[in-house]
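Descriptive analysis of the structure
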Amino acid sequence: MKFTLSWLKEHLDTDADLATIVDTLTRIGLEVEGVANPAEKLAPFIIAEVLTAERHPQADKLQVLSVSTGDGAPVQVVCGAPNARAGLKGVFGAPGAYVPGSDITLKVAAIRGVESRGMMCSVRELELGDEHDGIIELPADAPVGAAYAGWAGLDDPVIDVAITPNRQDCMGVRGIARDLAAAGLGTLKPLADVYRMTKLEPIAGDGSAPAVRTDDPEGCPAFFAQAVSGVTNGASPAWMRKKLSAIGQKPISVLVDITNFVSIDLGRPLHVYDRAKLSGPLVARRAAEGEQIAALNGKSYTLDASMTVIADDHAVHDIGGIMGGAHSGVSETTTDVLIECAYFDPDHIALTGQKLGLTSDARSRFERGVDPAFLDDGLAIATWLVLEHCGGTPSAVTRAGTPPKASRVVTYRPERTLELAGIAVPPERQQATLERLGFGVKPGSNWDITIPSWRRDVTGSADIVEEVVRIEGLDAVPSTPLPRDPGVAKPTATAEQLVERKVRRTAAAGGLNEAVTWSFISEAEAAPFGGSEWILANPISEELKAMRPSLLPGLLSAARRNMDRGAESVRLFEVGRRYLGDTEHPTLGFVLAGDAAPRHWRTGKAQAFTAYDAKAEALAILAAAGAPVDNLQALGGAAGVYHPGRSARLCLGPKNALAEFGELHPATLKAFDLDGPVVAGEIFLDAIPGKRGQNGHMRSAYAPPALQAVKRDFAFLVAAGTPADNLLRAVRGADKGAIAGASLFDLFTGQGVPEGEKSLAVEVTLQPGEKSFSADELEAISAKIVAAAAKVGARLRD
């Protein structure tokens, strides 16, 4: 919701400055997203007068101007505008000024051999509109040398407020002014004074009332209308164009601009029809199945029987409460109009907009719920503006249907503010606050609070507390800890939550950056992973339609975005849920892309990530989660998104996979528009067996061994297809009391190794207990190691 500071002060009588207003808005729950002042970007531009205009000696369409800036000697400017002439006053930018509409910084330049020291600017070059046929022409009394922005009244900050869905009353400037007045920042002006009306009441008409009715009381409970004959539809007044342009609305014509202005000013959408284009009475009804309409946005829409439309005897002219049709829209030749002021059911509006994929300012207000008691006043204001700026003769008013404006009363105790929010607000101040917000208050032992018609969101006493508290200031709510039982509080985290914390810390400590991606992905992104078993029936968009079967699609998309922006090395991980056919599964996914190490002088090129990097990450994370990593087997059969020869599963037995890792398949990389190699992995947290009998949270005491470890190297010959992991597991299990670890440090094939075999060199760490190993004991352990290796087909290399 955007509005200018001056626009707000037309409703709010206040001396508060911009900073105070902005701070107060945020304090009372209307978050300010931004403040922009157009005068800031126009600060370098001043009013100047063209003294002489001579034809350029080298170009027929250029002129050489002598321009007075009110300070010193005239400056020479080369200009191509057809309206440039002696005596014209316009807007001048000197060298060094940044021209926002052209994205250039002015400098002294020679144009066709003639020096130009600045620029006379057009409307579009200053981003004040789309006109670019010539330079800006100012009145003859414009003061030469004065700052243009200040003289033109452009020093008017634009405030952008984020309106939550429950605050339909603040979808207009009037509602925001009401909240600020309630917060003590001024007085709300009477609405009749704002519009310079003698009295806010329906405009009396001379002619017969227009023929309108509603045949759809559920979708359109009330349809009010008034006709005006003999109007002139030209440009809207300057003050209205200025307000609309300041907030990004393009002025179109006075009739259209009036409806847009009232919608933003009062949160009351309207529509104006050209009566010459209508055939018979206007009726609010349900659309026929398959009925079509060409809307004002230039698109055609096919309707169904659940949608409310406004139609005559010939065709549909309006998607009720969302967008009008192009056929009956007003134009410069319009002379007779019908002004529609209707109430549309919020639920019907939301469903219709979702089905059609159509958004508009009117829809955003109607689906929140406009004031049902403001139809007469809204129509009166619109008719008044049409008569004031377009002339014409009004008809009588037609009121078809009944708006849902039944009085609502809530029982309330002032003590509830302290009970629910922890703030003690005196009852008299609560009453004053509520009355300034438009609530009716009848004090007593229990107060009867009458809810204003524009506050559809207030339904109970807790909502009344919220109104009082936010006007007092949300920052006044004390931070109160929840009560605890005496003694040491018990831990509340579950075993699964503790595991997630550990793996998250381990991944981050290993140099990976945590990402948070959507649980929803597109069906195209899910396809390489076997597709999604959960498809949303009503997605936010087609790109967020499928529940992810893996964490990798989101991480790969994030990696691509980082790589596209110049990141040379991407290391991402995420802890989240996969959604499979049975249920959701807690998972940690990671992706390593780009360079594992930068270019080095020894190799002249960067080092790429390999499947072994992914394996190391997976094992470190599994160890942190408490998995028995020494018992894991690296088996084939990883998912099809991985390269079949450069990937594996880490399993406890052939069926219980705790993780998958490896280099991604080229087809997967192509699907995500990534250049390889890229490695990735997923740790299935719910597959990790829990530790029994260990509920403590304290680490075991560090107890280093009293005696120094002994290391022995063994070189074994095995069949070429034997996984090294099989040999390592056999060696570790040869003597669990003495062997503290075993690791592979060399792989060799070639001279001295029989064909079809490979040499694996293993470093074994032996840890003595109470006394050091004797030579005989070391010999016995070595024999056990050789015997264990023989069981997997390995023999000592000569």
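This text gives an overview of the structure that appears in the document. From a predicted model like this one, the values you see are computed outputs, not experimental measurements.

With that settled, consider the overall build of the chain. In terms of regular secondary structure, the chain is built from 21 helices and 42 strands. The C-alpha radius of gyration of the chain comes to 38 Å, more than 25% above the 28 Å expected for a compact globule of 798 residues. Across its three principal axes, the chain shows a C-alpha extent of roughly 120 × 90 × 55 Å. Put simply, the chain has 798 residues, and 46% of those count as buried. When contacts within the chain are restricted to residue pairs at least 6 apart in sequence, long-range pairs at least 24 apart make up 68% of them. About 39700 Å² of surface is accessible on the chain, with carbon and sulfur atoms providing 50% of the total.

Further remarks concern the pattern of salt bridges. Applying the stated criterion across every chain yields a total of 34 salt bridges. Measuring nitrogen to oxygen at the nearest pair gives 2.8 Å for the salt bridge that ties R167 to D169. The pair formed by R167 and D169 is uniform in burial state, with each residue classed as buried. E757 serves as the salt-bridge partner of R795, at 2.8 Å between the closest nitrogen and oxygen. With R795 in strand β42 (residues 795-796) and E757 in strand β41 (residues 757-766), this pair connects stretches of sequence that are 38 residues apart. Beyond isolated ion pairs, a larger network of salt bridges with shared partners links R167, D169, D179, R455, D457, E467 and R470.

For S364, the location among the structural elements is in helix α10 (residues 361-366). There is a polar contact of 2.7 Å between the side chain of S364 and the backbone oxygen of D361.

What follows deals with the side chain of E340. Summarising the element assignment, E340 is placed in strand β24 (residues 336-343). The side chain of E340 sits in the buried core without any salt bridge; R268 is the nearest counter-charge, 6.4 Å away. A distance of 2.6 Å separates the side chain of E340 from the side chain of Y273, its partner in a polar contact. If near-sequence neighbours (up to four positions away) are discounted, E340 is found in contact with F223, F224, L270, H271, Y273, I310 and D318.

Formed by 112 residues in total, the largest nonpolar core has its most connected members in L25, I176, F223 and L303. One finds L512, F573, L632 and L685 within the second-largest nonpolar core, a separate group that totals 25 residues.

A few words on the packing of helix α7 (residues 238-246) against helix α8 (residues 254-266). With their axes 11 Å apart at the nearest point, α7 and α8 run at an angle of 60° to one another. By the angle between their directions, the pair α7 and α8 is classed as oblique. Viewed along their axes, α7 and α8 form a crossing whose handedness is left-handed. Counted together, W239, M240, K243 and L244 of α7 and D257, I258, N260, F261 and I264 of α8 form the full contact between these two elements.

Spatial strand order, β17-β24-β16-β25: four strands in an open sheet with antiparallel pairing. Each edge of the sheet is formed by a strand with only one pairing partner; in this case those strands are β17 (271-274) and β25 (393-401). Within the sheet, the average angular offset between the axes of one strand and its neighbour, ignoring direction, is 20°. In the sheet, β17 pairs with β24 via four bridges, with the strands oriented antiparallel. The residue bridging D274 from the neighbouring strand is V337, located in β24. Across the face of the sheet, helix α11 (residues 375-390) comes into contact with β16 (222-229), β24 and β25 while running at roughly 15° to β16.

Attention shifts here to the sheet that holds β42. Pairing in this open sheet of four strands is antiparallel, and the strands run β40-β41-β39-β42 from one edge to the other. Looking at strand neighbours, the two that pair on one side only are β40 (739-748) and β42, the edges of this open sheet. With ten bridges connecting them, strand β39 (residues 710-719) and β41 associate as antiparallel partners. Bridge pairing links V710 to L766 in β41. Docked against the sheet, helix α21 (residues 775-790) engages β39, β40, β41 and β42, running at close to 25° with respect to β39.

Enumeration over the complete set of coordinates arrives at eight aromatic pairs. Chaining the aromatic ring pairs together yields one cluster made of W7, Y195, W239 and F261. The residue whose ring lies beneath R178 is W454, and the NZ or CZ to ring-centre distance is 4.2 Å. The residue whose ring lies beneath R399 is F224, and the NZ or CZ to ring-centre distance is 6.0 Å.

What follows is about helix α18 (residues 611-624). The terminal C-alpha atoms of α18, which comprises 14 residues, lie 20 Å apart, in line with the 20 Å expected from a rise of 1.5 Å per residue. Three or more residues of α18 are buried, namely A611, A614, E617, A618, I621 and L622. Axial view of α18: buried residues confined to an arc of 130°, hence all on one face. Considering only its buried residues, α18 is in contact with α15 (495-509), β33 (584-597), β36 (642-651), β37 (657-664) and β38 (678-684). G626, located one to two residues past α18, shows a positive phi value of around 90°.

What follows deals with the pairing of β37. Within β37, eight of the eight residues are buried, leaving the element largely enclosed by the surrounding structure. The pairing of β37 with β38 spans five bridges and is antiparallel. Pairing of F661 across the sheet is with G681, part of β38.

Turning our eyes to something else, we now look at the environment of G581. Its place among the elements puts G581 in the loop between β32 (569-579) and β33. With sequence-adjacent residues up to four places away left out, G581 is seen in contact with E533 and W534.

Within α7, burial applies to M240, K243 and L244. Angular distribution of buried residues about the axis of α7 spans 95°; they occupy a single face of the element. On its buried side, α7 packs onto α1 (5-11) and α8.

For the rest of this paragraph, the subject is unusual backbone geometry. The omega torsion of the bond from G676 to P677 falls at -5°, within 30 degrees of zero and hence cis. Secondary-structure assignment places P677 in the loop between α19 (666-671) and β38. Phi angles above zero are rare outside glycine, and R112 is one such case at about 55°. As for its position among the elements, R112 is in the loop between β10 (109-111) and β11 (114-116). Positive phi values are uncommon outside glycine, yet D673 reaches one of about 55°.

Analysis parameters
Residues numbered from 1 in each chain as written. Predicted model: local features only at pLDDT ≥ 70, side-chain atom pairs only at ≥ 80, totals over all residues. Heavy atoms only, no water. Helix = DSSP H or I, 4+ residues; strand = E, 2+ residues; numbered from the N terminus. Rg over C-alpha atoms; globule rule 2.2 N^0.38 Å. Buried < 20%, exposed > 50% of the residue type's maximum accessible area, 1.4 Å probe, protein only. Contact = heavy atoms within 4.5 Å. Areas by Shrake-Rupley, 256 points an atom, 1.4 Å probe, with all protein chains shown as cover. Salt bridge = Lys/Arg side-chain N within 4 Å of Asp/Glu carboxyl O. Polar contact = N/O pair within 3.5 Å; in protein donor to acceptor, adjacent residues only side chain to side chain. Lys, Arg positive; Asp, Glu negative; His and termini not counted. Core = buried A, V, L, I, M, F, W, Y, C linked by side-chain atoms within 4.5 Å. Axes fitted to C-alpha atoms, helices over the stretch in contact; angles between N-to-C directions. Parallel < 35°, antiparallel > 145°, perpendicular 65-115°, else oblique. Left-handed = near helix turned anticlockwise from the far one by under 90°. Pairing = 2+ DSSP bridges. Phe/Tyr/Trp six-rings, centres within 6.5 Å; stacked < 30°, edge-to-face > 60°. Lys NZ or Arg CZ within 6 Å of the ring centre and 35° of its normal. Expected span 1.5 Å × (residues − 1). Arc of directions from axis to C-beta.

In short, shape yes, function no, at least from these values alone.
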